[in-house]
Amino acid sequence: MSVALTKGGNVSLGKQAPGLTEVSVGLGWQVGGAGFDLDASALLCDQSGKVLSDQHFVFFNNLRSPDGSVRHSGSGPTGAGGGDDEQIHVELGAVAPEVAKIVFPVSLYEAEQRGQNFGQVRSAHIRVTDRTSGTEIVRYELRGDAATETAMIFGELYRHGSDWKFRAIGQGYASGLAGIAQDFGVDVLRAEPAAPAQPAIPAPPPEPPAAPAAGTAAWEAPVPGSAAISPQPAGSSPMTCFFDPHHGPGMTPVTWSPQWGVPRQIQACGSCAQRVQTTPPPYCTEPQAGYPQPAQPGYPPAQQGYPQPMQQEYPQQQGQQQGRRFGTGALIGAGAAGLVGGALLNEAFDDDEPDVVVNNYYED
């Protein structure tokens, strides 16, 4: 006579069927509609409760245990009288000694994608029959609300000394096969771990600034970390070399000591700025070879010993003779002796700097 168990109950198979050597574990269920795919399986576990290996997980893709003692019948109803959908056959005497128990879970295939759970499964059962005679030994009907579970352990066979016993479990897993894999150590059921994030490729260190070429002045070397400065930035007002506009842009600030007066800062091209820095003051440029030196119309060449004449700011009057205008000590009104002395005295105390010419380009 079959024994009906409730959740957590157990029964000795040897006492119910003396001389039992091989059993069939039948699992069945009913579903409320099409599109359900339930799979029964068996886990051969050691004393720690873990599967001996992935090969000791018997399911539709691995229908036999390594020693052949546990065999899966495959998917689909068996047509047996008990209404089993799948059966797993166990040859009790051939099970390896290190196997302490055989666990029987049932899982819903692609339950999350299909929105399915065991709350939609009715009349689920697990039963053990004598494979030789076909007599049912024990049966467990699963009942209760399982609205979130996508996999369940129906029951288990376990060793008790030299005997085998059956226990009704009815434990659900909302995490499906992944939860079963975590509990029983089945690697083939574990979800693939997320690929580790690739470490960011460090940016190459900045190259050290190139050493200035030989003969390059310190003021021409680029500042580390600064962008190269173009000779004439776009949108800036043009500024030519102080000493000669034909030299091009005057982009280099340099302190210049004129022949008369105090030092001052000017903008010069690189070549003129280098000459200013390397020539001891007072700095008086001479005409440079290779640079255009335009002659000033209407002026005789400068005489030795006198400062370079200042270019006349206003055009000559019609018929007026063009002549030289002298600097300090020039006589104004040669016919008036008293005015000569006054002019000399006035020039002596005058704070204005004399007009200076550099490379025939004039400075106020």
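Rules behind the numbers
Residues numbered from 1 in each chain as written. Predicted model: local features only at pLDDT ≥ 70, side-chain atom pairs only at ≥ 80, totals over all residues. Heavy atoms only, no water. Helix = DSSP H or I, 4+ residues; strand = E, 2+ residues; numbered from the N terminus. Buried < 20%, exposed > 50% of the residue type's maximum accessible area, 1.4 Å probe, protein only. Areas by Shrake-Rupley, 256 points an atom, 1.4 Å probe, with all protein chains shown as cover. Salt bridge = Lys/Arg side-chain N within 4 Å of Asp/Glu carboxyl O. Pairing = 2+ DSSP bridges. Axes fitted to C-alpha atoms, helices over the stretch in contact; angles between N-to-C directions. Contact = heavy atoms within 4.5 Å. Core = buried A, V, L, I, M, F, W, Y, C linked by side-chain atoms within 4.5 Å. Arc of directions from axis to C-beta. pLDDT = per-residue confidence, 0-100.

### What about the overall build of the chain?
For the chain, the count of helices and strands is 5 helices and 17 strands. In the chain, which comprises 364 residues, the share counted as buried stands at 35%. When the accessible surface of the chain is split by element, carbon and sulfur atoms take 53% of a total near 21,600 Å².

### A look at the pattern of salt bridges
Summed over all chains, the structure comprises 9 salt bridges. Across the salt bridge formed by E136 and R127, the nearest N and O atoms sit 3.0 Å from each other. On the basis of relative accessible area, R127 is assigned to the buried category, the value being 8%. R139 is the partner of E141 in a salt bridge, and the nearest nitrogen-oxygen pair spans 2.6 Å. Given a relative accessible area of 29%, E141 falls into the partly exposed group. The structure contains a network of salt bridges with shared partners spanning D84, R127, E136, R139 and E141.

### As for the pairing of strand 3 (residues 22-31)
Burial analysis of strand 3 places 8 of its 10 residues in the buried class, the great majority of the element. In the sheet, strand 3 pairs with strand 8 (residues 86-91) via 6 bridges, with the strands oriented antiparallel. Along strand 8, the bridge assignment pairs V23 with V90. Here 8 bridges tie strand 3 to strand 10 (residues 121-130), and the two strands are oriented antiparallel to one another. Looking at the pairing, V31 lines up with V121 of strand 10.

### Let's talk about the sheet that holds strand 7 (residues 70-72)
The sheet built from 6 strands is open, its strands ordered 1-11-10-3-8-7 with mixed pairing. Either end of the sheet is taken by a strand with one partner, and the two such strands are strand 1 (3-5) and strand 7. Between one strand axis and the next, the sheet turns by 15 degrees as a mean value, whatever way the strands run.

### A closer look at helix 3 (residues 176-184)
Among all positions in helix 3, only G176, G179, I180, A181 and F184 are buried. The inward-facing, buried residues of helix 3 abut strand 5 (42-45), strand 9 (101-108), strand 12 (151-160) and strand 13 (163-173). Just downstream of helix 3 lies G185, where phi reads positive at about 70 degrees.

### Re the nonpolar core
One finds I102, F104 and L157 to be the most contacted residues of the largest nonpolar core, which totals 42 residues. Those residues in contact with I102, other than ones at most four positions away along the chain, are A42, L43, L44, V70, V90, V95, G155, E156, L157 and W164. Of all hydrophobic cores here, the second largest spans 14 residues; its members include L43, C45, I169 and Y173.

### Quick notes on unusual backbone geometry
Non-glycine residue E110 carries a positive phi angle of around 50 degrees. As for its placement among the helices and strands, E110 is situated in the loop between strand 9 and helix 2 (111-114).

### Some remarks on helix 4 (residues 270-278)
Those residues of helix 4 lying buried are C272, A273, R275 and V276. All buried residues of helix 4 fall inside an arc of 160 degrees around its axis, so they share one side. Where helix 4 is buried, its residues contact strand 14 (252-256) and strand 15 (264-268).

### Structural notes on the confidence of the model for the chain
Here the chain averages 74 in pLDDT, while 60% of its residues score no lower than 70. The lowest-confidence element of the chain is strand 17 (residues 361-363), averaging 45 in pLDDT; the highest-confidence one is strand 5, averaging 98. Per-residue pLDDT stays below 50 along residues 215-237; that stretch engages in 20 contacts with residues further than four places along the chain or on separate chains. This model gives residues 355-364 a pLDDT under 50, and the stretch forms 39 contacts once residues within four places in sequence are excluded.

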